[in-house]
Amino acid sequence: MSKKIQPPHFFCLTSLVVGATYGSFAWSQNAKSPALEEVIVTAQMRDESVQSIPVAIGAYDKKFIDKVGASSLTDMESAIPNINFGRGDRNTRGEIAIRGVGDYSRNIGTNARVAVYIDGVLTGRSSSFDQSLLDVAHLEVLRGPQGTLAGTNALAGAINIVTQKPEDHFSAGLLTNIGNYNLQSLTGKINLPLTAELFASLLVGTTQQDGYIDNIALQRDLQGVNRDVAKLKFRYVGVENLLLDIGFDYLKDDDKSTNAEALANGGFNGFTLAPEPFVVAHNADEFEQRELKGATVEASYETPGAFRWTSISGIRSNEFTELSEEDYSPFDVAVSIFDEKSDQVSQELRLASPKGEKFDYVIGAYFLEQDISTQRSAITGALFRPAPNASIQTPASAEVQSTSLFMHGNYQLDSRWSLTGGLRYVHETKNIDYSSVDNIGSFIDVDHLRDQKTFDEPLPKFGINLQVTPDVLFYTSVGRGYKSGGWNADFITTLEHFQFEPEYAINYELGAKSAFLDKRVTANFAGFITKFDDFQVFQFVPTQSAGAVLSLTNVGKVTTQGVELDITALVTDSLSVSFNTAFTQARFDEFKNGGGLGVNYDNNHLPYAPEHTYFVAIDYSRPLFRQAEVYGHIDYGYTGDYFSNPNNTQDNAIPKYFSANARVGLNIDSHWDISLWMKNITDETNLRQRSVSFLGVPRGLYNPPRSYGLAINYTID
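Residues numbered from 1 in each chain as written. Predicted model: local features only at pLDDT ≥ 70, side-chain atom pairs only at ≥ 80, totals over all residues. Heavy atoms only, no water.

### A closer look at unusual backbone geometry
Where the residue is not glycine, phi is negative for most of them; where a peptide bond is considered, it is trans in most cases.
Now for step 1: Pro-386 follows Arg-385 through a cis peptide bond whose omega is 20°.
Now for step 2: Inspection of the secondary structure assignment puts Pro-386 in the loop between β24 (377-380) and β25 (391-393).
Now for step 3: Positive phi is not limited to glycine here, since His-448 has a value of about 50°.
Now for step 4: Along the chain, His-448 falls in strand β28 (residues 446-469). (Helix = DSSP H or I, 4+ residues; strand = E, 2+ residues; numbered from the N terminus.)

### Concerning the pairing of strand β46 (residues 707-716)
Now for step 1: Here 8 bridges tie strand β11 (residues 171-179) to β46, and the two strands are oriented antiparallel to one another. The residue of β46 that forms the bridge with Asn-177 is Ala-711.
Now for step 2: Strand direction decides the pairing type here: strand β43 (residues 672-679) and β46, joined by 8 bridges, are antiparallel. Considered in β46, the bridge of Met-678 is made with Tyr-708. (Pairing = 2+ DSSP bridges.)

### Description of the sheet that holds strand β9 (residues 136-143)
Now for step 1: Strand order in this open sheet of 5 strands is β3-β9-β10-β7-β8, and the pairing throughout is mixed. Where the open sheet ends on each side, the last strands, each with one partner, are β3 (57-61) and β8 (121-122).
Now for step 2: The pairing of strand β7 (residues 114-118) with β8 spans 2 bridges and is classified as antiparallel. Bridge pairing links Tyr-117 to Leu-122 in β8.

### Quick notes on the packing of aromatic side chains
Both the distance between ring centres and the angle between the ring planes are used here to describe each pair of aromatic rings.
Now for step 1: One pass over the structure, following the stated rule, counts 23 aromatic pairs.
Now for step 2: Geometrically, the ring pair formed by Phe-491 and Phe-694 is edge-to-face, given 6.5 Å between the ring centres and 65° between the ring planes. Of this pair, Phe-491 sits in the loop between β30 (486-487) and β31 (499-500) while Phe-694 sits in the loop between β44 (687-692) and β45 (698-702), and the two are 203 residues apart along the sequence.
Now for step 3: Among the residues examined, Phe-491 registers a relative accessible area of 3% and is labelled buried.
Now for step 4: Here Phe-694 falls in the buried class, since its relative accessible area comes to 18%.
Now for step 5: Feature note: the residues Phe-532, Phe-535, Phe-588, Phe-591 and Tyr-601 constitute an aromatic cluster, connected by ring pairs. (Phe/Tyr/Trp six-rings, centres within 6.5 Å; stacked < 30°, edge-to-face > 60°. Buried < 20%, exposed > 50% of the residue type's maximum accessible area, 1.4 Å probe, protein only.)

### Concerning the pattern of salt bridges
Now for step 1: All told, the structure shown has 37 salt bridges when counted by the stated rule.
Now for step 2: In this structure, Lys-355 engages Glu-48 in a salt bridge whose closest nitrogen and oxygen atoms are separated by 3.0 Å. One end of the pair, Lys-355, is in the loop between β22 (334-352) and β23 (359-374); the other, Glu-48, is in strand β2 (residues 48-49), with 307 residues separating them in the sequence.
Now for step 3: According to the relative accessible area criterion, Glu-48 is buried, its value standing at 7%.
Now for step 4: Measuring nitrogen to oxygen at the nearest pair gives 3.5 Å for the salt bridge that ties Lys-355 to Asp-360.
Now for step 5: What makes Lys-355 exposed here is its relative accessible area of 53%.
Now for step 6: On the basis of relative accessibility, which here comes to 5%, the residue Asp-360 falls in the buried class.
Now for step 7: Through salt bridges with shared partners, one network takes in Arg-46, Glu-48, Lys-355 and Asp-360. (Salt bridge = Lys/Arg side-chain N within 4 Å of Asp/Glu carboxyl O.)

### Details of the confidence of the model for the chain
Now for step 1: Counting all residues, the mean pLDDT for the chain is 91, and 94% of those residues have values of 70 or more.
Now for step 2: Note that pLDDT drops below 50 for residues 1-31; the model gives that stretch 42 contacts with residues more than four away or on any other chain. (pLDDT = per-residue confidence, 0-100. Contact = heavy atoms within 4.5 Å.)

### Focus: the side chain of Asn-686
Now for step 1: By the secondary structure assignment, Asn-686 is in the loop between β43 and β44.
Now for step 2: Judged by its relative accessible area of 3%, Asn-686 is buried.
Now for step 3: Side-chain polar atoms of Asn-686 contact the backbone oxygen of Phe-658, separated by 3.5 Å. (Polar contact = N/O pair within 3.5 Å; in protein donor to acceptor, adjacent residues only side chain to side chain.)

### Concerning a nonpolar patch on the surface
Now for step 1: A contiguous nonpolar surface patch, about 950 Å² in accessible area, is contributed by Phe-170, Ile-190, Leu-192, Leu-194, Leu-202, Val-204, Leu-232, Phe-248, Trp-672, Ile-674, Tyr-714 and Ile-716.
Now for step 2: Among the structural elements, Ile-674 can be located in strand β43. (Patch = residues over 30% accessible without salt bridge, like charges linked within 9 Å, V, L, I, M, F, W, Y side chains within 5 Å. Areas by Shrake-Rupley, 256 points an atom, 1.4 Å probe, with all protein chains shown as cover.)

### A look at the nonpolar core
Now for step 1: Counting 40 residues, the largest nonpolar core has Met-76, Ile-96, Leu-139, Ile-159 and Phe-535 as the members making the most contacts within it.
Now for step 2: Breaking this core down by element, the ones donating at least two residues are α2 (62-68), β5 (96-98), β7, β9, β10 (157-163), β37 (575-591) and β38 (612-625).
Now for step 3: Ignoring anything within four residues of it in the chain, the contact list for Ile-96 reads Ile-83, Asn-84, Phe-85, Val-101, Gly-102, Asp-103, Val-114, Val-116, Phe-129 and Ile-159.
Now for step 4: One finds Ala-378, Phe-500, Phe-538 and Leu-550 within the second-largest nonpolar core, a separate group that totals 16 residues. (Core = buried A, V, L, I, M, F, W, Y, C linked by side-chain atoms within 4.5 Å.)

### So, the environment of Asn-226
Now for step 1: With respect to the helices and strands, the residue Asn-226 is situated in strand β16 (residues 225-236).
Now for step 2: When its relative accessible area of 25% is taken as the criterion, Asn-226 is described as partly exposed.
Now for step 3: The spatial distance from the C-alpha of Asn-226 to the C-alpha of Gln-289 is 9.7 Å, given a sequence separation of 63 residues.
Now for step 4: Setting aside residues up to four positions removed in sequence, Asn-226 forms contacts with Thr-207, Gln-208, Lys-252, Asp-253, Asp-254 and Asp-255.

### Here's the deal with the sheet that holds β44
Now for step 1: Pairing is antiparallel across the open sheet formed by 3 strands, whose spatial order is β18-β45-β44. Two strands close off the open sheet at either side, each with one partner strand: β18 (261-262) and β44.

Laid out in structure tokens, this is it:
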């Protein structure tokens, strides 16, 4: 169970932050102070200040990401408003929910609702979402449907990881991290000007850490880290007005990990043998292996008239295999082996007009081709009844081709009022070849079921903007989102709901962006209502045999609505405070027969959709002596309670939780950065995932326990 430590009340904490900020400004607002740094983003396919665009977006630079201690995307969860990374058990899952709406591509017949990009290239399937942030320049998180500019399957939002590019001078760096659970991490980076016109950079990193879950049956630890990362990049500037970037990236995870631990016996005695958190008694040799590879070529050419042509070509290959315990006990009952390989090619070509006084626009075309395959299986052991030593296998392959044309523009009505509009037309073709070979007797037998689906969808967006002052912007917009249909290519008992249809969303948004007190404070607000039709839902449906089967259907209507607030304040030259919060209600308006005939889930909460989240960070720095600076960072994140399944039962309820993290360090002579860090300072033991397995075992996973360490970063410029 979670420790009974009550977090500060939401409104009290808000008052504390705002009050402290206001109090400091009351005596310092007449003093000359530096402003907050301007953050430039590419959310509208051109470089713009984050404060000037009518979009609900969070932007996080490398300095902030390093202080949070985020080495991969999922480490940013508590710092980003209104985002949830789902079960949090394995990197191969890639669950992301934004504004209470999310999913992951559990099988090859479906897609996620969030699109993740690296330098403008779609990373691919959800197993590729948890990317390394070791060379990040900044991170952009766009909340709400992004169909017009991001395309299909960005129904809940889009994330763009913008990485550092090679520069025209020599630099090198070495970062080492050591900590508890035998953490050992080493990352080296070098930047070289090969010629006056060609620059290169290379980053190589490796991280190893023992697991914090003890498997007493096999005498080994689980949930460790074994990751290797490499990135090679080139930048060429030898042609006037042409910028050419070429990048190669590689990531490999190979570790022992489990997807859950037993929370009750459920017909087996795994919980009796290991009832404490972070202790399991599993006989299965659980693991996950993931390998991500990619190559990107981006060419940008500015014409004499200041028009900019941009071409982004991407090739990506993602592959994973994982073995999971299914009975969560030391007995030979059942395991599952999930795997997937996907290869994709993408090409985007666009033209951006100059930023004119009256009108500017972006037009373009996009092409994506994916080939996906799997050989997943579930295997019963000697003690499984009534079919010991049997298996169910679902070999399948799928092909996706997506082509789209898009345009987006802004029209200035006068000095204050402007219009924003855009349209993307998507043509998508999907093919599947699915088989199911069942020796257990509980699933279907299918031999090469082949099917094809074609979708043609317009995705418009329209908005009205009011620039009240140069530093205050109000905006409102309405846009359409779309997620393609597909097939539930999984362990299924019937073909009745094998196919599912597309889902659609209409998003209504009202927002404000402001900077005041000489741009030492930014305050951004967004309110939204998103209506979904034919919403696609994965769920485990209980059976009469005390187990569960997987269902994927179009359930009807969903509404998610809420408000978001993001404040950053430079209180003094040395002290800054950032605060974000979100209140979201994400519910099924209509979900008939969700729990079986006559059992409706109308008005139930969507999975992984906490109503309240907030995050507070305080940063302090000051000169210590000549060419030295001491700094400190502390943050606190809170997530309200939520469910992992549409049935909203107690077996799928995750209680609210919070976590505090800190870092204190010393910068010396701009070369050395030495810091001590700690995550989960109060060592909270909080569930972040809770569900019932295929075999009816209540299971869950806890957030990691307290960790701490020493980071030493040495750089040469």
